[in-house]
Amino acid sequence: MSTWIQITAGKGPAECGYAAHHVMKRFSGDARARRLKVVTLETITGPRPGTLKSALLSLDGPDIEGFVASWAGTIQWIGQSPFRPGHKRKNWFVGIYAVTPPEETDFRDKDLRIDTMRASGPGGQHVNTSNTAIRITHLPSRLVAVAQEERSQHLNKKLALARLKERLKTRNDRSTMAAQHAQWESHTALERGNPVRVFHGPGFKETR
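Positions within a chain are numbered from 1, following the residues in the order the chain's sequence is written. Local features in this predicted model are restricted to residues of pLDDT 70 or higher, and side-chain atom pairs are both shown and tallied only at a pLDDT of 80 or more, whereas totals for entire chains, interfaces and linings draw on every residue. Only hydrogens and water are removed before side-chain values are computed, so all heavy atoms of the structure are retained for them.

## Quick word on the side chain of T132
Selection criterion: Where helices and strands are cited, they refer to DSSP runs of H or I of at least four residues and of E of at least two residues respectively, numbered from the N terminus. Here, residues are in contact when the closest pair of their heavy atoms is within 4.5 Å.
One can find T132 in the loop between strand 6 (112-117) and strand 7 (133-138). T132 has contacts with M117, A119, E150, R151, S152, Q153 and N156, leaving out every residue within four places of it along the chain.

## Re the sheet that holds strand 9 (residues 197-200)
Operational definition: DSSP bridges decide pairing: two strands pair if at least two such bridges lie between them. Angles here are taken between N-to-C directions and fall from 0 to 180 degrees, while the axes themselves are lines fitted to C-alpha atoms, restricted in helices to the stretch in contact.
Taken together, seven strands build an open sheet; the order of strands is 2-3-1-5-4-9-10 and the sheet is mixed. The sheet is open, and its two borders are formed by strand 2 (37-45) and strand 10 (205-207), each paired with just one other strand. Between one strand axis and the next, the sheet turns by 25° as a mean value, whatever way the strands run. Where strand 1 (residues 3-8) meets strand 5 (residues 91-99), five bridges bridge the pair, whose relative direction is antiparallel. When the sheet's bridge partners are listed, I7 is paired in strand 5 with I96. Here helix 1 (residues 14-33) sits on the sheet and contacts strand 1, strand 2, strand 3 (52-60), strand 4 (73-78), strand 5, strand 9 and strand 10; the angle it forms with strand 3, its principal contact strand, is near 10°.

## Quick word on helix 1
How we decide: One less than the number of residues in a helix, times 1.5 Å, gives the span that helix is expected to have. Burial classes follow relative accessibility: with a 1.4 Å probe on protein chains only, a residue under 20% of its type's maximum area counts as buried, one over 50% as exposed, and anything between as partly exposed.
The terminal C-alpha atoms of helix 1 lie 29 Å apart, and with 20 residues this matches the ideal 28 Å at 1.5 Å per residue to within 8%. Helix 1 sits mainly inside the fold: 14 of its 20 residues count as buried. Immediately beyond the C-terminal end of helix 1, within one or two residues, lies R35, with a positive phi of roughly 65°.

## Considerations on the nonpolar core
The condition that has to hold: We define a nonpolar core as any set of buried Ala, Val, Leu, Ile, Met, Phe, Trp, Tyr and Cys residues linked to one another through side-chain atoms lying within 4.5 Å.
Residues I5, I7, F27, L59, W71 and I96 are the most contacted members of the largest nonpolar core, which totals 30 residues. Only strand 1, helix 1, strand 3, helix 2 (64-69), strand 4 and strand 5 provide two or more residues apiece to this core. By residue number, the principal contributor to this core is helix 1, which donates nine residues. Leave out the neighbours within four places in its chain, and I7 touches A20, V23, M24, F27, K53, S54, A55, L57, V94, G95 and I96. Core analysis: the next-biggest nonpolar cluster, separate from the first, contains 17 residues, L56, L143, L159 and A162 among them.

## With respect to the packing of aromatic side chains
Just so we agree on the cut-off: We call Phe, Tyr and Trp rings a pair once their centres come within 6.5 Å, taking the six-membered ring for Trp, and we label the pair stacked below 30 degrees between planes, edge-to-face above 60, and tilted otherwise. Charge-over-ring contacts are defined here by two conditions on Lys NZ or Arg CZ: a distance within 6 Å of the ring centre and an angle within 35 degrees of the ring normal.
Across all of its chains, the model carries eight aromatic pairs by this definition. Between Y18 and F83 the ring centres are 6.0 Å apart and the planes differ by 85°, which places this aromatic pair in the edge-to-face class. Note that Y18 is positioned in helix 1 and F83 in the loop between strand 4 and strand 5, a separation of 65 residues in sequence. Both residues of the pair, Y18 and F83, belong to the buried class. Ring geometry for W71 and F199: centres 6.2 Å apart, planes at 25°, overall stacked. In this pair, W71 sits in the loop between helix 2 and strand 4 while F199 sits in strand 9, placing the two residues 128 residues apart along the sequence. Each member of the pair, W71 together with F199, is buried. An aromatic cluster of at least three residues, connected via ring pairs, comprises Y18, F27, F67, W71, W77, F83, F199 and F204. Above the plane of the ring of W71 lies R197, whose end atom (NZ or CZ) is 3.9 Å from the centre.

## Examining the pattern of salt bridges
Spelled out, the test is: The salt bridge definition used is simple: a Lys or Arg side-chain nitrogen within 4 Å of an Asp or Glu carboxyl oxygen.
Following the criterion strictly, the structure yields eight salt bridges and no others. Between R34 and D30 there is a salt bridge, with its nearest N and O atoms 3.3 Å apart. The salt bridge involving D115 is made with R135; its shortest N-O contact spans 3.6 Å. Pair noted here: D115 is in strand 6 and R135 is in strand 7, with a separation of 20 residues, a long-range link. With a relative accessible area of 32%, R135 lands in the partly exposed category. One network of salt bridges, with partners in common, ties together D30, R34, R197 and E206.

As C-alpha cells, this is what we get:
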C-alpha cells in the first residue's frame, strides 16, 4: 500500500516556502534513489517564484516506513533570505509528515456522481486524448473534486476521491481541523530545536 507525504511551509514566510520547494526536490530525489516510486498528487505554490506552501506526494515501494522515518518531522534550512537582502534571520523550517490515503469505501456509491472527461493541457504531443480525467460530485453536499494529472483513469479517480474526502472534512469538521492545525503548529514550534535534517546555503548541502 502506498504512503502519502505532506511537505508544508506552514504559516512561515516566503523563505520557508523557498526551503519547502528545495526540500521536496531533495526528498523526491532521495526516494527515487532508493527505488521508491514518487508521484506528485498536488502542490500549492507560494507567494514568490520557486516557493511552495505545501505538497502532497505518494510513495510506493520497498521499506517505505524506514525511509519516511528518516525524513518525518521538522527540516531546518540555514541560509540567507533570497528575497530580503540583509535580513537577520537565517533559520527556516519545513514540516514533513505521513498521511493515510483514503479508501474508496469512505463514500456510498449512491452519493457520488462520477463523470469522465478529457484532460486539459498546454497542447502538443503530450495532450491526453482519452477521457482519463475524473470529476466527482458528492450529491448530498454538492461538493466537487477533479483529478486529471495522471494518464490512468483509475488513479485519477483515487485522487479525486481523496480530494473530495478532504473537502468534506473541512466542511463538516472545521473545529477538529482547526485543532489539528493548532496541534501541528505547536509541534513544529516545539521541534524547531531538534530538526531531523539540516540543510545549509543556497545549494542545500545537508549536514548531519
